[in-house]
Amino acid sequence: RHCFERNVARDRSPTQYLLEIYKERGEADKYVAELEWVVAIDHDDFDKRMELATIYRQDGKRDKMIAMLEEALFIEPRDLKLHAYLAEGYQETGKLDLALREYRILIVQCKKVNKEGKHDRRIADWFCEMAEIKMQQGDRDEAAKFVHEAQRLVPSFPRAQELRAK
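These numbers were taken from a predicted model, which means no experiment stands behind them. Position labels on residues start from 1 in each chain and follow its written sequence. Note on the predicted model: pLDDT of at least 70 is required for a residue's local features to be given, and 80 or more for side-chain atom pairs to be given and counted; whole-chain, interface and lining totals, by contrast, use all residues. Neither water nor hydrogens contribute to the side-chain values; these are computed over all heavy atoms in the structure.

With respect to the overall build of the protein chain
For the protein chain, the count of helices and strands is 10 helices and zero strands. Secondary structure elements follow DSSP: runs of H or I no shorter than four residues count as helices, runs of E no shorter than two count as strands, and numbering proceeds from the N terminus. When the helices and strands of the protein chain are placed in sequence order, the string is α-α-α-α-α-α-α-α-α-α. Computation of the radius of gyration draws on C-alpha atoms alone. For the globule rule, the value is 2.2 Å times the number of residues to the power 0.38. In terms of C-alpha radius of gyration, the protein chain reaches 19 Å, well past the compact-globule figure of 15 Å for 166 residues. Its C-alpha atoms give the protein chain principal-axis dimensions of roughly 60 × 35 × 25 Å. Surface accessibility follows the Shrake-Rupley procedure with a 1.4 Å probe radius. Residue values consider only the protein chains on display as shielding. Only carbon and sulfur atoms are counted for the fraction: they give 48% of the accessible area of the protein chain, which is about 9800 Å².

Shown next, in the form of structure tokens:
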């Protein structure tokens, strides 16, 4: 490995080669260890951080996922998948105010590119997530506002209708 460390700044192909070998052989632990090594020395590799966060997410390692995503946030602060994973991770670990922040970011960013209502259902779903968080926090009035916003975007949105009935 030390011979790869000297070359990583110039040529990442040896590391990529190792990752491919581990993946092909199904050596998940070695694959993850190599990814962790890569992100430890390459502070700008967004894709590897997202890949590692996805693996942590699948393995139920929410705290590790969040830590990796928070690092990735400094590299690509506008990535929607990143914010969606962060929102989910924060929500599942009880960091509800941080989850709300991430859903707000998602909504703002997505509205910027929401041509012809293409992303209305996705945005409505995020409003519903925010409504559920507000219900958990005991703020039914704010939850109702989020449900209203979801229904404004997609009037027959089933999830919003379910939340309104609660």
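Having seen it, we continue.
Concerning the packing of helix α6 (residues 80-92) against helix α7 (residues 96-112)
Every axis corresponds to a line fitted to the C-alpha atoms, with the helix fit spanning only the stretch in contact, and the corresponding angles, defined between N-to-C directions, vary from 0 to 180 degrees. Two elements in contact, α6 and α7, have axes whose closest approach is 8 Å; the angle formed by their N-to-C orientations is 155°. Classified by the interaxial angle, the pair formed by α6 and α7 is roughly antiparallel. Both α6 and α7 take part in a crossing whose hand is left-handed. Listed contacts from α7 to Leu80, His83, Ala84, Leu86, Ala87, Glu88, Tyr90 and Gln91 of α6 are Leu96, Leu98, Ala99, Arg101, Glu102, Tyr103, Ile105, Leu106, Gln109 and Cys110. Any residue outside Ala, Val, Leu, Ile, Met, Phe, Trp, Tyr, Cys, Pro, Asp, Glu, Lys and Arg is labelled polar, Gly included; the first ten of those are nonpolar and the last four are charged. Looking at the contact of α6 with α7 residue by residue, the classes come out as 12 nonpolar, three polar and three charged. Each angle is binned into one of four classes, with values under 35 degrees roughly parallel, values over 145 roughly antiparallel, values of 65 to 115 roughly perpendicular, and all other values oblique. Handedness of a helix crossing follows the sense of rotation of the near helix relative to the far helix, less than a right angle counterclockwise being left-handed and clockwise being right-handed. Contacts are assigned to residue pairs with any non-hydrogen atoms lying within 4.5 Å of each other.

As for the environment of Asp125
Relative to the elements of secondary structure, Asp125 occurs in helix α8 (residues 120-136). Sequence separation between Asp125 and Val147 is 22 residues; the distance between their C-alpha atoms is 9.4 Å. Beyond its immediate sequence surroundings of up to four residues, Asp125 is in contact with Phe157 and Arg159.

Brief notes about helix α10 (residues 158-165)
Owing to its 3.6 residues per turn, the α-helix aligns residues three or four sequence positions apart on the same side. Think of it in three bands: with a 1.4 Å probe and only protein chains considered, a residue is buried below 20% of the maximum accessible area for its type, exposed above 50%, and partly exposed in between. Regarding α10, the residues found buried are Arg159, Ala160 and Leu163. All buried residues of α10 fall inside an arc of 100° around its axis, so they share one side. For α10, exposure combined with an orientation more than 90 degrees from the buried face picks out Glu162 and Ala165. Along its buried surface, α10 packs onto α8 and α9 (140-153). It is the directions from the helix axis to the C-beta atoms whose arc is reported.

Notes on the nonpolar core
Formed by 47 residues in total, the largest nonpolar core has its most connected members in Leu69, Tyr103 and Phe127. When residues in this core are grouped by element, the largest group, eight residues, is from α8. Sequence-distant contacts of Leu69, that is, excluding residues within four places in its chain, are made with Met50, Ala53, Leu82, Tyr85 and Leu86. To define a nonpolar core, start from buried Ala, Val, Leu, Ile, Met, Phe, Trp, Tyr and Cys residues and group those joined through side-chain atoms within 4.5 Å.

Considerations on the packing of α9 against α10
Where α9 meets α10, the closest approach of the two axes is 9 Å, and the angle between their N-to-C directions is 150°. Comparing their axes, α10 and α9 come out roughly antiparallel. Handedness of the crossing formed by α9 with α10: left-handed. Contact with α9, carried on its side by Val147, His148, Ala150 and Gln151, involves Ala160, Gln161, Leu163 and Arg164 of α10 and no other residues of that element. A class-by-class count of the residues in the contact of α9 with α10 yields four nonpolar, three polar and one charged.

A few points about the pattern of salt bridges
In what follows, salt bridge is the name for a side-chain nitrogen of Lys or Arg lying within 4 Å of a carboxyl oxygen of Asp or Glu. Following the criterion strictly, the structure yields 14 salt bridges and no others. Across the pair Glu51 and Lys23 runs a salt bridge whose closest N-O atoms are separated by 3.9 Å. Residue Glu51 is found in helix α4 (residues 46-58), and its partner Lys23 is found in helix α2 (residues 13-25); the two are separated by 28 residues along the sequence. Since its relative accessible area comes to 56%, Lys23 is described here as exposed. Of the charged contacts, one joins Lys145 and Glu142 as a salt bridge, the two residues approaching to 3.8 Å between their closest N and O atoms. Here Lys145 and its partner Glu142 are both found in helix α9, three residues apart, which amounts to about one turn of the helix. If you follow the salt bridges from partner to partner, you end up with Arg57, Arg62, Glu88 and Glu92 in one network.

As far as function goes, none of this settles anything; it's purely spatial.
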